[in-house]
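# Understanding the architecture of this molecule
Listed here are the chains, written in short residue letters.
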Amino acid sequence: MSDKYTIDTQENKAFLAENARRLLEFGRRFPSPGGGSYYLGDDGTPWTERPRETWITCRMAHVYSIGHMMGVPGCKELAEAAIKGLLGELYDSDNGGWFAGITSDGAPLPNKQCYAHAFVILAASSAVLAGIKDAEKLLNMAALTYDRYFWNEETGLAVDTWNTEFSELDTYRGLNANMHTVEAFLAIADAMDIIYADNSDPEDTVGLRSFILPENKERPGHVYRLRAGRIINHVVGWANENNYRLPEHFTEDWKPDYDMNKDKPDDPFKPYGATPGHGIEWARLISQWCLATRRIEHLDNACALYDRAVKDAWDADGAEGLVYTTDWDGIPVVHDRMHWTLAEAINTSAVLYRITGNEKYSHDYSHFMKYLDETVLDHETGSWFHQLDETNKLKGTVWPGKSDLYHAFQSMLIPYSPINLSIATAVRKKSEE
């Protein structure tokens, strides 16, 4: 295998660094005048007639906050634009919380989504670390809103969707929103540790005083790591019950709904069956939590989740790539290859190689790198193709265009970042060295 694709070679480090830079360049046209993120087309042109969605705006705020901490010119202004959008046109000043998005003419999209609110916490955490204007205000608002409406202390899990007025809670419960909640909780925990370490008088800190239990003031992020651990414990239980193919959809009392969307298996947020990419992503987040808390009891489960997902999904139908979904026996259902699944496979294979030293993970990493370079990278524009069919031809039925940079950009950084830290915190610490 070429050194370009081999972990820990200078050639591979340079390959990732160059692609991270090109991704940041590709996405620069995302901000609308109000700050909400336009959906980007194949060449990075904003699709101004599409809604400006909160989750995409958050992802762009997160990415360009990191870009600013990396010292890339122009990223600070782009992060500031996205934070402006989250405090402005995407915020519901009447009912609190964030709209799912707004239409091209500014009308709000219905409902309040846990998924989107988790990303607001992630974006605000990264922006605080980057010193972006008004980021601490946003972080405080996001954490308080999430705690009031989405976190369920009794179950140790997050609910999924409210109506716009926060007066009616949908009975659907979903694992995807909980996965990004774990990501957000680990990110805010890391950010809070730095906020309090940087502030000689913690009582003067803007963010999250009401969330800090007195006995945890030395480690203010501890509350969020505990919450992340409670979610992870549930996930490990469901993984063990289903041969490490995670159920995604649940009833109000958290019973798996194994047949949901069987008639619409390629739904972008609620696909039928198991989603191997999520199994891979969970493996990385569980690994991060284990190392952040120095509790290693779930590392074997992280490896098992990754191993099952890659076995089911990689080269499952005679062509390279990771299939989108499988049934509960591991047989592919939707054969399309989504770019985010590859990004998470790159991340997690690197992480598990660091943890275990097992060469199979470094071999996987090399294969994923080669596939990225030869098939998924759009070398002309510097971005990634977001959806390919089972023959690796470009397709746009689920993810037309190139909505954002988040998964691709992170996968260019995580392989060479500390495993126990969220990526924005890792970049912040490196910038201070």
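Residues numbered from 1 in each chain as written. Predicted model: local features only at pLDDT ≥ 70, side-chain atom pairs only at ≥ 80, totals over all residues. Heavy atoms only, no water.

Here we take up the nonpolar core. In terms of nonpolar packing, the biggest core is built from 140 residues, with Tyr-64, Trp-282, Leu-372 and Trp-384 touching the most fellow members. The dominant element in this core, judged by the number of residues it contributes, is helix H6 (residues 175-198), at 15 residues. (Core = buried A, V, L, I, M, F, W, Y, C linked by side-chain atoms within 4.5 Å. Buried < 20%, exposed > 50% of the residue type's maximum accessible area, 1.4 Å probe, protein only. Helix = DSSP H or I, 4+ residues; strand = E, 2+ residues; numbered from the N terminus.)

Our next topic: helix H11 (residues 359-376). For H11, with 18 residues, the first-to-last C-alpha span of 24 Å sits near the 26 Å given by 1.5 Å per residue. Among all positions in H11, only Tyr-361, Ser-362, Asp-364, Tyr-365, Ser-366, Phe-368, Met-369, Tyr-371, Leu-372, Asp-373 and Val-376 are buried. The distance from a side-chain oxygen at the start of H11 to the backbone nitrogen of Lys-360 is 3.0 Å, and the residue carrying that oxygen is Asn-358. (Expected span 1.5 Å × (residues − 1). Polar contact = N/O pair within 3.5 Å; in protein donor to acceptor, adjacent residues only side chain to side chain.)

Attention now goes to unusual backbone geometry. Backbone phi values are negative for most residues with the exception of glycine, while trans is the configuration of most peptide bonds. Backbone geometry places Tyr-244, a non-glycine residue, at a positive phi of 65°. In this structure, Tyr-244 sits in the loop between helix H7 (222-241) and strand S10 (249-250).

This part takes up the environment of Asn-178. Summarising the element assignment, Asn-178 is placed in helix H6. Asn-178 sits 50 residues away from Ala-228 along the chain, and the two C-alpha atoms are 9.0 Å apart. With near-sequence residues (within four places) excluded, Asn-178 lies in contact with Leu-157, Ala-158, Ile-231, Trp-254 and Trp-282. One polar contact links the side chain of Asn-178 to the main-chain amide nitrogen of Ala-158, over a distance of 2.8 Å. (Contact = heavy atoms within 4.5 Å.)

Right, let's talk about the environment of Pro-276 for a bit. Along the chain, the position of Pro-276 falls in helix H8 (residues 276-293). In this structure Pro-276 comes out as buried when scored by relative accessible area, which is 6%. Distance from Pro-276 to Ile-286, taken between C-alpha atoms, is 15 Å for residues 10 residues apart in sequence. In contact with Pro-276, other than residues within four places in its own chain, are Ala-309, Ala-313, Val-323, Tyr-324, Thr-325 and Thr-326.

Take the confidence of the model for the protein chain next. This prediction gives the protein chain a mean pLDDT of 94; 95% of its residues lie at or above 70. Contacts from residues 200-217, a stretch scored under 50 in pLDDT, to residues over four places away or in other chains number 35 contacts. (pLDDT = per-residue confidence, 0-100.)

Following the criterion strictly, the structure yields 23 salt bridges and no others. Between Arg-295 and Glu-297 there is a salt bridge whose closest N-O contact spans 3.0 Å. In this structure Arg-295 comes out as partly exposed when scored by relative accessible area, which is 37%. When its relative accessible area of 40% is taken as the criterion, Glu-297 is described as partly exposed. Here Arg-308 and Asp-312 are joined by a salt bridge, their closest N and O atoms 3.1 Å apart. Remark: Asp-312 and Arg-308 occur in helix H9 (residues 299-313); sequence separation between them is 4 residues, near one turn of the helix. (Salt bridge = Lys/Arg side-chain N within 4 Å of Asp/Glu carboxyl O.)

Here the focus is the state of the cysteines. For the structure shown, the criterion picks out 0 disulfides. Between Cys-75, a free cysteine, and Cys-58, which holds the nearest cysteine sulfur, the sulfur-to-sulfur gap is 17 Å. Accessibility expressed as a relative area gives 0% for Cys-75, which makes it buried. (Disulfide = S-S within 2.5 Å.)

Geometrically, a packed helix pair is captured by the angle between its two axes and the distance between the axes. It is the contact of helix H10 (residues 339-356) with H11, at a shortest axis distance of 8 Å, that shows an interaxial angle of 155°. By the angle between their axes, H10 is roughly antiparallel relative to H11. Where H10 crosses over H11, the two elements pack in a sense that is left-handed. Contact residues: His-339, Leu-342, Ala-345, Ile-346, Ser-349, Ala-350, Leu-352, Tyr-353 and Thr-356 in H10; Glu-359, Tyr-361, Ser-362, Asp-364, Tyr-365, Phe-368, Met-369, Tyr-371, Leu-372 and Val-376 in H11. Its residues assigned to classes, the contact of H10 with H11 shows 13 nonpolar, 4 polar and 2 charged. (Axes fitted to C-alpha atoms, helices over the stretch in contact; angles between N-to-C directions. Parallel < 35°, antiparallel > 145°, perpendicular 65-115°, else oblique. Left-handed = near helix turned anticlockwise from the far one by under 90°. Nonpolar A, V, L, I, M, F, W, Y, C, P; charged D, E, K, R; others polar.)

Moving on to the side chain of Thr-348. Note on placement: Thr-348 falls in helix H10. The exposure class assigned to Thr-348 is buried, which follows from its relative accessible area of 0%. Those residues in contact with Thr-348 that sit more than four places away from it in its chain are Ile-280, Ala-283, Arg-284 and Tyr-306.

Turning next to H8. Taking 1.5 Å of rise per residue, 18 residues should cover 26 Å, and H8 covers 26 Å from first to last C-alpha, within 8% of that figure. Of all the 18 residues making up H8, 16 are buried; the element is thus mostly covered by neighbouring parts of the structure.

Turning next to the side chain of Asn-347. Relative to the helices and strands, Asn-347 resides in helix H10. Taking relative accessible area as the criterion, Asn-347 reaches 0% and is therefore assigned buried. Each residue touching Asn-347, except ones within four places of it in the same chain, is listed here: Arg-284, Gln-410, Ser-411, Ile-414 and Pro-415.

Scanning all chains against the criterion turns up 23 aromatic pairs. With a centroid separation of 6.1 Å and 70° between ring planes, the pair formed by Trp-55 and Tyr-115 is classed as edge-to-face. Linking Trp-55 in helix H2 (residues 54-69) with Tyr-115 in helix H4 (residues 114-130), this pair joins segments that are 60 residues apart in sequence. For the pair shown, Trp-55 and Tyr-115 are each scored as buried. With 5.2 Å between their ring centres and 65° between their planes, Tyr-115 and Phe-119 make a pair best called edge-to-face. (Phe/Tyr/Trp six-rings, centres within 6.5 Å; stacked < 30°, edge-to-face > 60°.)

Let us now look at the packing of helix H3 (residues 75-87) against helix H5 (residues 135-149). Two elements in contact, H3 and H5, have axes separated by 10 Å at closest approach and are oriented at 40°. It follows that H3 is oblique to H5 by the angle criterion. For the element pair H3 and H5, the recorded crossing hand is left-handed. When H3 is examined against H5, the residues Ile-83, Leu-86 and Leu-87 are found in contact with a partner set consisting of Lys-137, Leu-138 and Met-141. When the residues that make up the contact of H3 with H5 are grouped by side-chain class, the tally is 5 nonpolar, no polar and 1 charged.

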